[in-house]
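Observations on the model geometry
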Amino acid sequence: MASFGSIRVDRPPPRLYRTARLFRRLSTVVLVVALVFVASVVYSGAELARSSPQTGGYTAGFAANDTVSVSGSLVLSNPGFYPMNGLSFEFHVLNASGGPLGDARSAPFDLAPGATTALPLELYLPISASGPAASLLVRDQTLHVELWGNATYAYLFPISVHFEQNRSWGAPFSGFSATLGAPASVNGSVAVPVTIDFSNHAPDPEPGALDVLVLSSTGASCGGATFSFGSAPGVTPDASYSQTQTVAIAAGCSLQGGTIVATYVGPLASIPLPPEAIP
């Protein structure tokens, strides 16, 4: 009697099984890619954290619209593998006593992987005789500079940058004083000698003049004079200025309890200095 061996027939796996296997393989690939991405982001983030911003030298000087400009630069580098998108900065300046002087903001920009850029920083401080920036004119001090930045790193992750630095400030009218001498009679009128003293500790020369008014306790003008520095170069950096002029005082004007008000008049600005009390 003849016998037949068993015949094996290979059937393809069911479609559902094939789909599940494909998804398992794809999920493994996705997991590996995600792990590699996260590891590269962590490494890049560490490199980015080590690459702290560097500031360039700050300069200051008189500017248009009766302001003092404080300008400098912030050098940023991105040593990682991914871009920094929408990077923007806020720039704050505080005086030696912690009072806010002003702030500025940069427009958002992107920083590509491996790129370095210098971000210009410029702040214009309006000056008034009683405002917080008035001390910049007459007192050397240390300014506190704060920078806050935000961006998106590696397309997904929000990051922030905080940078603080102290910068020395040299006042253009450092140690300014305006004093009155003893009154005297000149041609039947009362006159007083007014002496102006200061040193220029700013990095630039000061051409122009100081317009000086002597005011009574009620704010009435008793007299005045102009102290000229010359059109060029003016009072040069690290130079001192001292000059005395005789000022005729209006009849009946009492100087006791009054003030001396000096206003710097230069090529770009007309800025009042803090008033000096008359004892």
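Rules used in this analysis
Residues numbered from 1 in each chain as written. Predicted model: local features only at pLDDT ≥ 70, side-chain atom pairs only at ≥ 80, totals over all residues. Heavy atoms only, no water. Patch = residues over 30% accessible without salt bridge, like charges linked within 9 Å, V, L, I, M, F, W, Y side chains within 5 Å. Areas by Shrake-Rupley, 256 points an atom, 1.4 Å probe, with all protein chains shown as cover. Salt bridge = Lys/Arg side-chain N within 4 Å of Asp/Glu carboxyl O. Helix = DSSP H or I, 4+ residues; strand = E, 2+ residues; numbered from the N terminus. Buried < 20%, exposed > 50% of the residue type's maximum accessible area, 1.4 Å probe, protein only. Core = buried A, V, L, I, M, F, W, Y, C linked by side-chain atoms within 4.5 Å. Contact = heavy atoms within 4.5 Å. Disulfide = S-S within 2.5 Å.

Some remarks on a nonpolar patch on the surface
Where nonpolar side chains cluster on the molecular surface, the patch consists of Y155, L156 and F157 and spans about 350 Å² of accessible area. By the secondary structure assignment, Y155 is in the loop between β8 (141-153) and β9 (157-169). Exposure remark for Y155: the relative accessible area of 56% places this residue in the exposed category.

Looking at the pattern of salt bridges
Side chains bearing opposite charge may pair, as long as their charged atoms lie close to each other. This model, assessed by the stated rule, comprises two salt bridges. Notably, a salt bridge pairs E90 with R105, separated by 3.5 Å at the nearest N-O pair. Here E90, found in strand β4 (residues 84-94), pairs with R105, found in strand β5 (residues 100-105); they are 15 residues apart in sequence, far enough to count as distant. Each of the salt bridges in this network shares a partner with another, and the network as a whole consists of E90, D103 and R105.

Considerations on the nonpolar core
F173, F176, I196, F198 and L210 are the most contacted members of the largest nonpolar core, which has 58 residues in total. Apart from the residues within four sequence positions on either side, F176 is in contact with V138, I196, D197, F198, L210, A262, L273 and E276.

Structural notes on the state of the cysteines
Applying the stated criterion to the full structure yields one disulfide. A sulfur-sulfur distance of 1.7 Å marks the disulfide that ties C222 to C253. As the torsion about the S-S bond is roughly -55 degrees, the C222-C253 disulfide counts as left-handed. Within this pair, whereas C222 is found in strand β14 (residues 221-235), its partner C253 is found in the loop between β15 (240-249) and β16 (259-265), the two being separated by 31 residues in sequence. Taking the relative accessible area as the measure of exposure, C222 reaches 3% and is therefore buried.

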